[in-house]
Amino acid sequence: MSMSTAAPVLDLSLVPRVDAVGVEERAAALGKRSIKKDAKRAGIRLAISMLDLTTLEGKDSEGKVRQLCRKAVQPLPGDSTVPHVAAVCVYPNLVPAAKAALAGSGVKVASVATGFPAGLVPLPVKIDEARRAVAMGADEVDMVIDRGAFLSGEFAAVFEEIATVKEACGPAHLKVILETGELETYDNVRKASHLAMAAGADFIKTSTGKVVPAATPAVVLVMLEAIRDHFFETGRRVGLKPAGGIRTSKQALHLLILVKETLGDDWLTPDLFRIGASTVTNDLLMQLAKEASGRYQSADYFTKD
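Let me sum up the structure you'll find in this document. (Residues numbered from 1 in each chain as written. Predicted model: local features only at pLDDT ≥ 70, side-chain atom pairs only at ≥ 80, totals over all residues. Heavy atoms only, no water.)

Details of helix α11 (residues 249–263)
So the rule is basically this: Put simply, DSSP marks the helices as runs of H or I at least four residues long and the strands as runs of E at least two long, and each gets a number from the N terminus on. An expected span of 1.5 Å times one less than the residue number is assigned to each helix. Burial here depends on accessible area, computed with a 1.4 Å probe over protein chains only, as a share of the maximum for the residue type. Under 20% is buried, over 50% is exposed, and the range in between is partly exposed.
If you check α11, its first and last C-alpha atoms are 21 Å apart, about what 15 residues at 1.5 Å a residue would give, namely 21 Å. Of all 15 residues making up α11, 11 are buried, and the element is well covered by its neighbours. Along α11, the positions that sit buried rather than exposed are Ser-249, Ala-252, Leu-253, His-254, Leu-255, Leu-256, Ile-257, Leu-258, Val-259, Thr-262 and Leu-263. Immediately downstream of α11, the backbone of Gly-264 shows phi near 90 degrees, a positive value.

In structure tokens, the structure reads:
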């Protein structure tokens, strides 16, 4: 892609500034909405269908991945009303194990790439890693941007890197991780969101889960508003994946409210919204069981993955 083609989308001075007080107040206010009974049960099931179950540890093994995949396909054994999750996310060398375990299930396989989580490797390495992940069976690739380059104002370089990795992904969807906890300001989050979408991201994602703060409600709202603006400007729908620090069903439902109020029902689908949190799964299942029976199950009733 030539720089002349990229130039029109690199004028980030045109990106609207963020009213920090306003966005934090609106995000907090939407979190106070009460969801009851049938709507709450439907919301919990929807949130489960949007989960990306993830294991990104140095001790990951094929056995651990297969166990996670079993939970992804059947989060609550014996209850067919609970949907399978959206995807399982692993390191590239474990993609084949996940692909085999999920065959025919409808659950997608995602792989981190491009020097996750820091992204500080040469571009040829990033491209090769993305291509290899797709060749091994990944349906989706989660890349990290070079935050140092972005904060240094090297926007064209960041744009070109995303666009090049997108091309390397071929048929796989590309999720671009901004690592918002390192971007310092809401204005930078909004600019990085616009840059990633202009470069071809299918999803923009808040965080790697390795940096705090991560998917705060205000950051999620800023990114949703950027997606809304991008859709109005181009007609192209881009997805969002909050990740990091999402541990309770209340937080997950808050995210769904943010999506509905900002982008509408069209985005309330796993094709356009994901929740990157494995730890929230059991709390969602626990709340679902409580809504059905009127009492909480012991935490030991649910598998630990």
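Digging into the nonpolar core
Condition: The set of buried Ala, Val, Leu, Ile, Met, Phe, Trp, Tyr and Cys residues whose side-chain atoms join them within 4.5 Å is what this entry labels a nonpolar core.
In this structure, Val-88, Ile-162, Val-176 and Ile-275 are the most contacted members of the largest nonpolar core, which totals 89 residues. With seven residues, the next largest nonpolar core counts Val-112, Phe-116, Val-144 and Ile-177 among its residues.

Focus: the packing of helix α9 (residues 186–198) against helix α10 (residues 217–234)
What counts, and what does not: Fitting a line to C-alpha atoms yields each axis, with helices limited to the stretch in contact; the angle taken between N-to-C directions then spans 0 to 180 degrees. Convention used here: angles under 35 degrees read as roughly parallel, angles over 145 as roughly antiparallel, angles from 65 to 115 as roughly perpendicular, and any remaining angle as oblique. Each crossing is labelled by how the near helix is turned from the far one, with a counterclockwise turn of less than a right angle marking it left-handed and a clockwise turn marking it right-handed. Contacts are assigned to residue pairs with any non-hydrogen atoms lying within 4.5 Å of each other. Residue polarity is assigned by list, with Asp, Glu, Lys and Arg as charged and Ala, Val, Leu, Ile, Met, Phe, Trp, Tyr, Cys and Pro as nonpolar; anything else, Gly included, falls into the polar class.
Running from N to C, α9 and α10 cross one another at 40 degrees; their axes reach a closest spacing of 9 Å. On the basis of the axis angle, α9 is oblique to α10. In this structure, the crossing between α9 and α10 has a hand that is right-handed. Mapping the contact onto sequence places Tyr-186, Val-189, Arg-190, Ser-193, His-194, Met-197 and Ala-198 in α9 and Ala-218, Val-219, Val-222, Met-223, Glu-225, Ala-226, Ile-227, Arg-228, Asp-229 and His-230 in α10. In terms of residue class, the contact of α9 with α10 is built from 10 nonpolar, three polar and four charged.

What to know about the packing of aromatic side chains
Let me state the cut-off plainly: Note on aromatic contacts: the rings of Phe and Tyr and the six-membered ring of Trp form a pair at centre separations within 6.5 Å, being stacked when their planes are under 30 degrees apart, edge-to-face when over 60 apart, and tilted otherwise.
Scanning the model with the defined rule gives four aromatic pairs in all. Note on Phe-231 and Phe-232: the rings are 6.2 Å apart at their centroids and 45 degrees apart in plane angle, and the pair reads as tilted. Assessed through its relative accessible area of 22%, Phe-231 is described here as partly exposed. Through a chain of ring-to-ring contacts, the aromatic side chains of Phe-231, Phe-232 and Trp-267 assemble into a single cluster.

Things to note about the sheet that holds strand β6 (residues 203–205)
Filter applied, for reference: DSSP calls a pair of strands paired once it identifies at least 2 bridges connecting them.
Across the sheet, which stays open at both edges, the seven strands sit in the order β1-β2-β3-β4-β5-β6-β7 with parallel pairing between neighbours. Looking at which strands have only one partner, the edges of the open sheet turn out to be β1 (52–54) and β7 (239–241). Averaged over all adjacent pairs, the angle separating strand axes in this sheet is 25 degrees, with direction ignored.

Topic: unusual backbone geometry
For the bond from Phe-116 to Pro-117, the omega torsion is 0 degrees, close enough to zero to count as cis. Here Pro-117 shows up in the loop between β3 (108–112) and α6 (123–135). The step from Val-212 to Pro-213 runs through a cis peptide bond, and the omega angle for that step is 0 degrees. Although it is not a glycine, Thr-114 sits at a positive phi angle of roughly 60 degrees. Summarising the element assignment, Thr-114 is placed in the loop between β3 and α6. Look at Thr-114 and you get buried, because its relative accessible area is 0%.

A look at the pattern of salt bridges
Worth spelling out the cut-off: Any Lys or Arg side-chain nitrogen located within 4 Å of an Asp or Glu carboxyl oxygen qualifies as a salt bridge.
With the rule as written, the count across this model stands at 24 salt bridges. Note that Asp-142 and Lys-241 form a salt bridge whose closest N and O atoms lie 3.3 Å from each other. Within this pair, whereas Asp-142 is found in strand β4 (residues 140–144), its partner Lys-241 is found in strand β7, the two being separated by 99 residues in sequence. For the pair Asp-142 and Lys-241, a shared accessibility class is recorded, and that class is buried.

Brief notes about the packing of α10 against α11
Packing of α10 against α11 brings their axes to within 10 Å, and their N-to-C directions diverge by 30 degrees. It follows from the interaxial angle that α10 and α11 lie roughly parallel. The crossing of α10 and α11 is right-handed. Between α10, through Pro-217, Val-220, Leu-221, Leu-224, Glu-225, Ile-227 and Arg-228, and α11, the contact on the second element is made entirely by His-254, Leu-255, Leu-258, Val-259, Thr-262 and Leu-263.

Some details on the environment of Ala-196
Along the chain, the position of Ala-196 falls in helix α9. Sequence-wise, Ala-196 and Ala-163 are 33 residues apart; in three dimensions their C-alpha atoms are separated by 8.5 Å. When neighbours within four sequence positions are excluded, Ala-196 is seen to be in contact with Ile-162, Val-176, Leu-178, Ala-201 and Ile-204.

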